[in-house]
Structure formats: C-alpha cells, structure tokens
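What follows is the residue order along each chain.
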Amino acid sequence: MKRWAIVGCRGQLGTALGRQLAGCGDAQVVAAVDLPELDASDAGAVRGLFEGLRADVVVNSAAFTHVDRCERE
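A.B. asks: It is not clear to me how the layout of surface pockets should be interpreted in this structure. Could you clarify?
C.D. replies: By volume, the largest pocket amounts to about 380 Å³. Lining the largest pocket are 16 residues, and of these Gly8, Asp34, Ser61, Ala62 and Ala63 sit closest to its centre. Looking at the lining of the largest pocket residue by residue, the classes come out as eight nonpolar, six polar and two charged.

Written out as structure tokens, the structure is:
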C-alpha cells in the first residue's frame, strides 16, 4: 500500500486527488494539509511536517490562483 501526503488538499487539484485516492484500495493518505495548517513557503514548517511521516508519495498541489493579484505581486 502506498502512503500519500497531499499539500494543498483544499484546492481544486488536491480535492480531486483526495477523492480519487479515497476510492483506491491500495492507497492511504497519511497527511492532507493546506493553509492554515501548513504554509508551503515555510521550509521549516514543511520539514517539521515530513519528519517521521514516511510518505511514499508527496503531491504539492498548493497554488495561488487569483490571477489579477498574481500579476500585481
């Protein structure tokens, strides 16, 4: 059984992946995090999450999708 960790689990991609994995008998989601539990831009927080987690697969689906704000910032 593959152990999965999903960062950005509340976004469009993370939500869809979580649903797919829930219906898959050979997958176990060991971590599903998003803001505010984890700021993916904070290296120390990411390191802290994954210490001892032992995930086989890590998916980073965290994204910033506000197009107008992305262009400004």
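From this point, the discussion proceeds with the structure in view.
A.B. asks: Sorry if this is basic, but what is going on with the pairing of strand 1 (residues 2-7) here?
C.D. replies: Consecutive side chains along a regular strand alternate between the two faces of the sheet. Pairing of strand 1 with strand 2 (residues 27-33) involves six bridges; the strand directions are parallel. Residue Val7 lies in a different strand from strand 2, and its bridge partner there is Val33. In this fold, strand 1 hands off to helix 1 (residues 12-22), which returns the chain to strand 2; that crossover is right-handed.

A.B. asks: Honestly, helix 1 in this entry has me stumped. Any pointers?
C.D. replies: One full turn of an α-helix is made of 3.6 residues, so residues set three or four places apart face in the same direction. Those residues of helix 1 lying buried are Gly14, Leu17 and Leu21. Buried residues of helix 1 fall within an arc of 65° about the axis and therefore sit on the same side. For helix 1, exposure combined with an orientation more than 90 degrees from the buried face picks out Gln12, Arg19, Gln20 and Ala22. The inward-facing, buried residues of helix 1 abut strand 1, strand 2 and strand 3 (57-60).

A.B. asks: Help me out: how do you make sense of the side chain of Asp34 in this one?
C.D. replies: Counting through the fold element by element, Asp34 comes out in the loop between strand 2 and helix 2 (43-50). No salt bridge is formed by the buried Asp34, whose closest oppositely charged neighbour, Arg10, lies at an N-O distance of 4.6 Å. For Asp34, the side chain forms a polar contact with the main-chain nitrogen of Arg10, separated by 2.8 Å. In this structure, Asp34 is in contact with Gly8, Cys9, Arg10 and Gly11, ignoring residues within four places of it in sequence.

Cut-offs applied
Residues numbered from 1 in each chain as written. Predicted model: local features only at pLDDT ≥ 70, side-chain atom pairs only at ≥ 80, totals over all residues. Heavy atoms only, no water. 1 Å grid on protein atoms, 1.4 Å probe; cavity = no way out; pocket = protein on both sides within 12 Å on 5 of 7 lines; lining within 4 Å. Points joined across faces, edges and corners; volume = space filled by probe spheres on them. Nonpolar A, V, L, I, M, F, W, Y, C, P; charged D, E, K, R; others polar. Pairing = 2+ DSSP bridges. Helix = DSSP H or I, 4+ residues; strand = E, 2+ residues; numbered from the N terminus. Right-handed = clockwise from strand over helix to strand, strands pointing away. Buried < 20%, exposed > 50% of the residue type's maximum accessible area, 1.4 Å probe, protein only. Arc of directions from axis to C-beta. Contact = heavy atoms within 4.5 Å. Lys, Arg positive; Asp, Glu negative; His and termini not counted. Salt bridge = Lys/Arg side-chain N within 4 Å of Asp/Glu carboxyl O. Polar contact = N/O pair within 3.5 Å; in protein donor to acceptor, adjacent residues only side chain to side chain.

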